[in-house]
Amino acid sequence: MKKLFAKCYIWLLLAMLYAPLLFIAVFSFTESRVLGSWTGFSPRLYQNLFTGNVSGGAALISAVENTLVIALIAAAFSTVLGTVAAIGIFNLKGRAKRTMQFLNNIPMINPDIITGVSLFLLFVFLRFSQGYVTVVLAHITFCTPYVVLSVMPKLSQMNPNIYEAALDLGATPAQALWKVLVPELRPGMISGFMMAFTMSLDDFAVTFFTRGTIGLDTLSTYIYADARKGGLTPELRPLMTLIFLLVLVLLIIVNLRGSRTKNAIE
Amino acid sequence: MVKRSNWSIPYLVFMMVFVVLPLLLIVLYAFQDGAGHFTFSNITHFFSDSDSLSTFAVSIEVAIENTLICILLGYPAAWILANRKYNRSAVTVVLFLMPMWINALMRTLATAELFNMLGVALGKGTLLFGMVYDFLPFMIYPIYTTLMKMDKSYAEAAEDLGAAPWTVFWKITVPLSLPGVMSGVLMVFMPTVSTFAISEFLTNNKIKLFGTIIQENINSSMWNYGAALAFIMLVIIGITTLFQGSERGEVEGGLI
């Protein structure tokens, strides 16, 4: 009885969380311009999306491209910067270490709008013209802390002697780094990269303030502008449905694999 | 790894330029007029402008309500998810986290459209619903992780010593999970105050939150007043983090 109640509660909450997503998915199969009015089943919006024949013109397609490219560049830079930083911070002691950890926490505590406004003022102050580069720099700023935090635990789990052993056995510091340190840290680097990538994909406020006036759009800023004009581009519905399915499948695969390896170890 | 500590220098330089300097610039601009002279007028303007003040009050009110609803709905959910008797599957946990990976604006718009279709008038109620909907995963996850990490033997010991299940829950489980609740509050409260797009969509621009007026000022080139508003928010963040202590980052670190 208690168990049934618990299960019902969980599924009710999930139903609430997923209702709007389901709503989008259902209405991605009808042609109507307005979300919520059903004008018969049709795969037209999906066809439009794949042939690039989107009513909003090329703007939506380029917004999707920008979103992905910016997220990839930002996640790659953050992973390198964050991993090097984590190794450095791990070897620091006392006050220096605490200071670095405190600074690293700031972008995570700050709401997006503070990060966005503060970076906007920075670029204004430095007279740096805003566009692609400033958006990428801004994304690296709020992504790197997550990489640092996912690499740090791997450093403390690692046996420090194996690095020394590699050096004693004649490896150069560079070899010891690539052949010993990096493989040990790789799981942390990968999850840091994934975190950075998803944070960047989902960002709206920081991009909004740092993209300047050159008309650069990511998916978020495109949707915002689109909604303010009134009436969303209908092709966003199939696009969101596909992204949703992709994320669902990826997460389930990652988690099933994770629990299987855990079971194997046990 | 003796000399490796200087590997933190590039990141230190990076953070000085992109984290510390920008925050100092917020303070600088907040205390300057358009011509670059030092002034308190931006701050005094905020405290004498009834529009800004009422927006601020509404934002704090909505944020408190949203945080409370998220705790009330999220704590039982996290508890059930962390309890082996009721849930053995990691996938259910992932299902709760997954909406975070879908574009927040799109989810919010879908919620607003859903209300339109159901004939619910957009206003305070729909705003709160949408906020809870957006932030609930951020409350559930940290509580869930602290409950999972919790040493179960305390609860067992209390049971062995004759405590009733409710007593165990109130005297053992709840106090031990408070750090998780606190990081949940931190991840819900300030972001609620500062959202701008979400409140615009869910109330059809009827209710403005603090984030919206910051955005409006910055975008209409009122940088100094915008910076002053951001500065006021920074002060509040500073106060809430002081209350919160130090351990928040670690919970977020394991999000994937």
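Residues numbered from 1 in each chain as written. Chains lettered and ligands numbered in written order. Predicted model: local features only at pLDDT ≥ 70, side-chain atom pairs only at ≥ 80, totals over all residues. Heavy atoms only, no water.

Turning our attention to the overall build of chain B. Scanning chain B from N- to C-terminus turns up 12 helices and 0 strands. Listing every helix and strand of chain B by position from the N terminus yields α-α-α-α-α-α-α-α-α-α-α-α. Dimensions along the principal axes, computed over C-alpha positions, put chain B at roughly 70 × 65 × 30 Å. Residues counted as buried form 56% of the 256 residues belonging to chain B. Accessible area of chain B: about 11,400 Å², with a carbon and sulfur share of 68%. Chain B carries 13 positive and 16 negative side-chain charges, and their two centres are separated by 10 Å. (Helix = DSSP H or I, 4+ residues; strand = E, 2+ residues; numbered from the N terminus. Buried < 20%, exposed > 50% of the residue type's maximum accessible area, 1.4 Å probe, protein only. Areas by Shrake-Rupley, 256 points an atom, 1.4 Å probe, with all protein chains shown as cover. Lys, Arg positive; Asp, Glu negative; His and termini not counted. Charge placed at Lys NZ, Arg CZ, Asp CG, Glu CD.)

Moving on, we come to the overall build of chain A. Regarding its fold elements, chain A presents 11 helices and 0 strands. Listed N to C, the secondary structure of chain A is α-α-α-α-α-α-α-α-α-α-α in terms of helices and strands. Partitioning the intrachain contacts of chain A with sequence separation of at least 6 by distance along the chain shows that 69% fall at a separation of at least 24. Carbon and sulfur atoms provide 68% of the accessible area of chain A, an area that totals close to 13,000 Å². (Contact = heavy atoms within 4.5 Å.)

Residue and element names in this part refer to chain B. A rise of 1.5 Å per residue sets the reference length of helix 6 (residues 124–149), with its 26 residues, at 38 Å; its end C-alpha atoms lie 37 Å apart and thus fit the reference within 8%. The largest bend in helix 6 comes to about 45°, at Phe 135, with the proline Pro 137 one to four residues further on. Of all 26 residues making up helix 6, 20 are buried, and the element is well covered by its neighbours. (Expected span 1.5 Å × (residues − 1). Bend = angle between axes of the 7 residues up to and from the residue.)

In this section: the packing of aromatic side chains. Both the distance between ring centres and the angle between the ring planes are used here to describe each pair of aromatic rings. In this structure the tally under the stated criterion is 34 aromatic pairs over all chains. For the pair Phe 46 of chain B and Phe 56 of chain B, a centre-to-centre distance of 5.7 Å together with 90° between the ring planes defines the contact as edge-to-face. With Phe 46 of chain B in helix 2 (residues 41–48) and Phe 56 of chain B in helix 3 (residues 50–82), this pair connects stretches of sequence that are 10 residues apart. Residue class for Phe 46 of chain B comes out buried when judged on its relative accessible area of 2%. Residues Trp 79 of chain B and Phe 169 of chain B carry aromatic rings whose centres are separated by 6.0 Å and whose planes lie at 90° to one another, so their mutual orientation is edge-to-face. Here Phe 169 of chain B lies in helix 8 (residues 165–194) and Trp 79 of chain B lies in helix 3, a separation of 90 residues in the sequence. The exposure class assigned to Phe 169 of chain B is buried, which follows from its relative accessible area of 17%. Through a chain of ring-to-ring contacts, three or more aromatic side chains come together here, namely Phe 204, Phe 208, Phe 209 and Tyr 224 of chain A together with Phe 196 and Phe 201 of chain B. A cation sits over an aromatic face here: Arg 107 of chain B above Tyr 133 of chain B, 6.0 Å from the ring centre. (Phe/Tyr/Trp six-rings, centres within 6.5 Å; stacked < 30°, edge-to-face > 60°. Lys NZ or Arg CZ within 6 Å of the ring centre and 35° of its normal.)

Often, the extent of an interface is quoted as the loss of accessible area on bringing the components together. Each side of the interface is counted separately: chain B has 81 residues, and chain A has 88 residues. For the pair chain B and chain A, the summed buried surface comes to about 8,000 Å²; carbon and sulfur atoms form 81% of the total. Counting the contacts that link chain B with chain A gives 1 salt bridge. Between Arg 228 of chain A and Glu 200 of chain B there is a salt bridge, with its nearest N and O atoms 3.5 Å apart. With 16 residues, helix 1 (residues 9–30) of chain B is the single largest residue contributor to the side of chain B that touches chain A. Of the residues that constitute the side of chain B that touches chain A, the class distribution is 60 nonpolar, 14 polar and 7 charged. (Buried area = accessible area lost by both parts, 1.4 Å probe. Salt bridge = Lys/Arg side-chain N within 4 Å of Asp/Glu carboxyl O. Nonpolar A, V, L, I, M, F, W, Y, C, P; charged D, E, K, R; others polar.)

All right, on to the layout of surface pockets then. In this model, the second largest pocket occupies a volume close to 370 Å³. Lining of the second largest pocket is provided by 17 residues; of these, Ala 227 of chain A together with Leu 109, Glu 113, Phe 201 and Asn 204 of chain B occupy positions nearest its centre. With 4 residues, helix 5 (residues 104–118) of chain B is the single largest residue contributor to the lining of the second largest pocket. The residue inventory of the lining of the second largest pocket, partitioned by class, reads 8 nonpolar, 5 polar and 4 charged. (1 Å grid on protein atoms, 1.4 Å probe; cavity = no way out; pocket = protein on both sides within 12 Å on 5 of 7 lines; lining within 4 Å. Points joined across faces, edges and corners; volume = space filled by probe spheres on them.)

With that settled, consider the confidence of the model for chain B. Low-confidence regions, as indicated by low pLDDT, have predicted coordinates that should not be scrutinised in detail. Residues and elements named next belong to chain B. For chain B, the average pLDDT comes to 85, and 94% of its residues sit at 70 or higher. For chain B, the element scoring lowest by mean pLDDT is helix 12 (residues 248–253), at 42; helix 1 scores highest, at 94. Below a pLDDT of 50 lies the segment residues 246–256, which in the model reaches 29 contacts outside its immediate sequence neighbourhood of four places, other chains included. (pLDDT = per-residue confidence, 0-100.)

Moving on, we come to the nonpolar core. In terms of nonpolar packing, the biggest core is built from 105 residues, with Ile 114, Ile 223 and Leu 236 of chain A together with Tyr 11 and Phe 210 of chain B touching the most fellow members. For Ile 114 of chain A, the residues in contact, after removing those within four places along its chain, are Leu 23, Ile 26, Ala 230, Met 233, Leu 234 and Ile 237 of chain B. Grouped together as the second largest cluster of nonpolar side chains are 52 residues, Phe 244 of chain A together with Ala 77, Leu 136 and Ile 140 of chain B included. (Core = buried A, V, L, I, M, F, W, Y, C linked by side-chain atoms within 4.5 Å.)

Quick look at the pattern of salt bridges now. All names here are of chain B. Overall, the coordinates contain 8 salt bridges over all chains when judged by the stated rule. For Glu 61, the salt bridge goes to Lys 124, with nearest N and O atoms at 2.9 Å. Of this pair, Glu 61 sits in helix 3 while Lys 124 is found in helix 6, placing the two residues 63 residues apart along the sequence. The exposure class of Lys 124 is partly exposed, given its relative accessible area of 32%. In this structure, the salt-bridge partner of Arg 107 is Asp 134, at a minimum N-O distance of 3.3 Å. With a gap of 27 residues between them, Arg 107 in helix 5 and Asp 134 in helix 6 connect regions that are remote in the sequence. With respect to burial, Arg 107 and Asp 134 carry one shared label: buried. Shared partners join several salt bridges into a network, and the residues in it are Glu 61, Glu 65 and Lys 124.

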